[in-house]
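Below are the chains, spelled out letter by letter.
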Amino acid sequence: MIEIFISTLPLFAASYLSCLLSASVLAISGFVLVGKKQEFLGASMSQASMLGIGIVVIFDWINAQYLTYVTSILLACLTSFWVYNKSGNSYASSVTAYLFIFFSAAVMVMIAMSPHGMEEVKVLSSASLIGSSWSEVYWMTAMNIFVITLFWRYRRQIFLYLVDPQFLSTCRINFNRFNYGVALLLGIVIGTCLKVSGFLFTFGYLILPVLCAKNLSNRYFRIPWLAVIIAVIFGMLGINFSIIFDLPPGATCVLLLSLAVPITITIRNILKA
């Protein structure tokens, strides 16, 4: 297994690193979504990012790499702003579901209008992860450093934001600014990772590592860091299995991580017993 992995490094090193870096930053970002019980928002933001890429495709700007990043991130941020603005309302979940349905339909219709559009949708949906460039690796590395540093610096405020948001005001923290700051960061992370790793990988690694970590740890402060470790480990396993059995890397990574969720539930039940 190791020999096969090493032999493919010269060709796919950038793709492998993009996979692991995306897994890491998505896992720690997904901790906020799971903590707020807004898991489906991740899917809506991912679909919004696909629509942003679809806009670039339909206007035949397919070679404008940086423009696809801009539109992908912009629509993901706008989606998160809208939902977080409605977070105090009883119909916030309905807004999230509406946006997911709207963006999903809009993506398919818009992309179908472009002669090479359906192939682009297929690539973004299947999460192939093949073809990443070194510029994407550098950008993902910088984003990992920034997000993890920010999370560590404001970890107490983030935990308080998730557990008891009303208490933030007593700590002289503006809740609305903090809320929109979280929404902005989630939009940047999801918009970037969608372009790099596709819808399936982005949504899967936002949610599944945190679910596994919650099953393995009772300490709230350890869950995000454990989620990052789990995401990177299963990212590496998925890459190796995809090489050995000639499978799509992104889908393989998500499938293995999906199988890990019931295993961690079993481990949790055994430890409780």
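Look up: the structure comes first, before these words.
Described in the following lines is the structure provided in the data block. This structure is a prediction, so every number in the text was calculated from the model and none was measured.

Each value, and the rule that gives it
Residues numbered from 1 in each chain as written. Predicted model: local features only at pLDDT ≥ 70, side-chain atom pairs only at ≥ 80, totals over all residues. Heavy atoms only, no water. Helix = DSSP H or I, 4+ residues; strand = E, 2+ residues; numbered from the N terminus. Buried < 20%, exposed > 50% of the residue type's maximum accessible area, 1.4 Å probe, protein only. Contact = heavy atoms within 4.5 Å. Areas by Shrake-Rupley, 256 points an atom, 1.4 Å probe, with all protein chains shown as cover. Phe/Tyr/Trp six-rings, centres within 6.5 Å; stacked < 30°, edge-to-face > 60°.

### A closer look at the overall build of the protein
Regarding its fold elements, the protein presents eleven helices and zero strands. Helices and strands appear in the protein in the N-to-C order α-α-α-α-α-α-α-α-α-α-α. Counting every position in the protein, which comprises 273 residues, the buried fraction comes to 48%. Residue pairs in contact within the protein that sit at least 24 positions apart in sequence constitute 78% of those at least 6 positions apart. A total accessible area of about 13,500 Å² is found for the protein, and carbon and sulfur atoms account for 69% of it.

### Considerations on the packing of aromatic side chains
Overall, the coordinates contain 18 aromatic pairs when judged by the stated rule. A centroid spacing of 5.1 Å and a plane angle of 50° characterise the contact between Tyr161 and Phe178, whose relative ring orientation is tilted. With Tyr161 in helix 7 (residues 155-163) and Phe178 in helix 8 (residues 175-197), the pair connects residues that are 17 residues apart, well separated along the chain. For Phe178, a relative accessible area of 17% puts it in the buried group. Geometrically, the ring pair formed by Phe201 and Tyr205 is stacked, given 4.3 Å between the ring centres and 10° between the ring planes. Of this pair, Phe201 and Tyr205 both sit in helix 9 (residues 199-216), four residues apart, roughly one helical turn. For the pair formed by Phe201 and Tyr205, the shared burial category is buried. Members of the aromatic cluster, joined through ring pairs, are Phe31, Phe151, Trp152, Phe159, Tyr220, Phe221 and Trp225.

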